[in-house]
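Here's the letter readout for the chains.
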Amino acid sequence: MDRMTQEWPTVQPTDQKVEIFYFFDPFSEQCREMEPIINKLIIEYRGYVTIQKILAPSLTVLTKCQAQSTSDHDNLALAYKAAEVQGRNKARAFMRYILNRIMPTKSICTYDHMYKSAKLAGLDVQSFFEEINSSTVKSMLKRDLAVYREMDIESLPSMVFFSGDIHSEGIKVEGVYPYHIFTYIINELLELEIEKRPLPSIYDYIESFEVVSFHELKTVFEWRTGLLLNELKKLRLQRLIEEVTMDEATYYQIRGGTRVLNNVQ
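The structure contained in this document is the topic of the report that follows. In this text the structure is predicted, and so the values were computed from the model without any measurement. (Residues numbered from 1 in each chain as written. Predicted model: local features only at pLDDT ≥ 70, side-chain atom pairs only at ≥ 80, totals over all residues. Heavy atoms only, no water.)

## Some words on helix 5 (residues 111-120)
- For helix 5, the complete set of buried residues consists of His113, Met114, Ser117 and Ala118. Looking straight down helix 5, one finds that the buried residues subtend no more than 125 degrees of arc, so they occupy a single side.
- Here the buried face of helix 5 lies against helix 3 (76-84), helix 4 (88-102) and helix 6 (125-131).
- Gly122 sits one or two positions beyond helix 5 and adopts a positive phi of about 80 degrees. (Buried < 20%, exposed > 50% of the residue type's maximum accessible area, 1.4 Å probe, protein only. Helix = DSSP H or I, 4+ residues; strand = E, 2+ residues; numbered from the N terminus. Arc of directions from axis to C-beta. Contact = heavy atoms within 4.5 Å.)

Following this line, the structure appears as structure tokens:
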């Protein structure tokens, strides 16, 4: 962990909250390992923490986003920013739905993936596709690049934590660490007792995130492997969820839901 000693003029932390800037590469295995940690922070520290997810606008990431595209309308970097115009939560959901469709089966992102993911995320689809190649979205991407450079991001994933005190230093953490490392930083910055919000049930979590790996559930709920497997088996026997194995990884989705893993094109 690296305590930053410089100030970033484009960053305006919120009062009495911890503002986290999270830089990620959607195609990075390490960044995918961070996703359940980000999800758990958002659930347990709602009201105390805001997380701004920034698809790192590095040359490597942008090149990979372009390589995943089949046309000018499905560039993943521009699409993520276009979704963000309609709200951070919707943009985060949009990226989750996209990755659900392209990562387990290593598919190329298509217009159809974009359309279905935008619908599921609750985006105004017409406005979304109009925004993708707009000057507004391109300016947003340039602004992200400026923040990326100012925060001196060298590796991904990276998180930069700010307290509500605009005069305090930011704390930069590069790489994947256990969940308690991030909660320790949050508590140190807030300097108050926090009553964490309860986690949902495993069924509700799977329903909310559509497609969930066993690794993600293990990270979020921190149950013993045998106990977690028994709970998942019980949900399968109740015909509430279904299990799919791909590339030696096990995923779970709601039975009769969008059935992403059975219908990726």
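## Some details on empty space enclosed by the protein
- Inspection of the entire model under this criterion finds 1 cavity of 30 Å³ or more.
- Each pocket or cavity is described by its volume, and for the largest cavity that value is around 30 Å³.
- Of all the secondary structure elements, the ones that give two or more residues to the lining of the largest cavity are strand 3 (49-55), helix 3 and helix 4.
- Of the residues in the lining of the largest cavity, the class split is 2 nonpolar, 1 polar and 4 charged. (1 Å grid on protein atoms, 1.4 Å probe; cavity = no way out; pocket = protein on both sides within 12 Å on 5 of 7 lines; lining within 4 Å. Points joined across faces, edges and corners; volume = space filled by probe spheres on them. Nonpolar A, V, L, I, M, F, W, Y, C, P; charged D, E, K, R; others polar.)

## A look at the side chain of Glu84
- Turning to its location among the elements, Glu84 is positioned in helix 3.
- Apart from residues no more than four positions distant in its own chain, Glu84 is found in contact with Lys53, Ala91 and Met140.

## A few points about the environment of Arg96
- By the element assignment, Arg96 lies in helix 4.
- Of the residues examined, Arg96 reaches a relative accessible area of 14% and is grouped as buried.
- Taking the C-alpha atoms as reference points, Arg96 and Pro26, separated by 70 residues in sequence, lie 9.5 Å from one another.
- What Arg96 contacts, discounting residues up to four positions off in sequence, is Asn39, Phe209, Val211, Val212 and Glu216.
- Among the polar contacts made by the side chain of Arg96, one reaches the main-chain carbonyl oxygen of Val211 at a distance of 2.7 Å. (Polar contact = N/O pair within 3.5 Å; in protein donor to acceptor, adjacent residues only side chain to side chain.)

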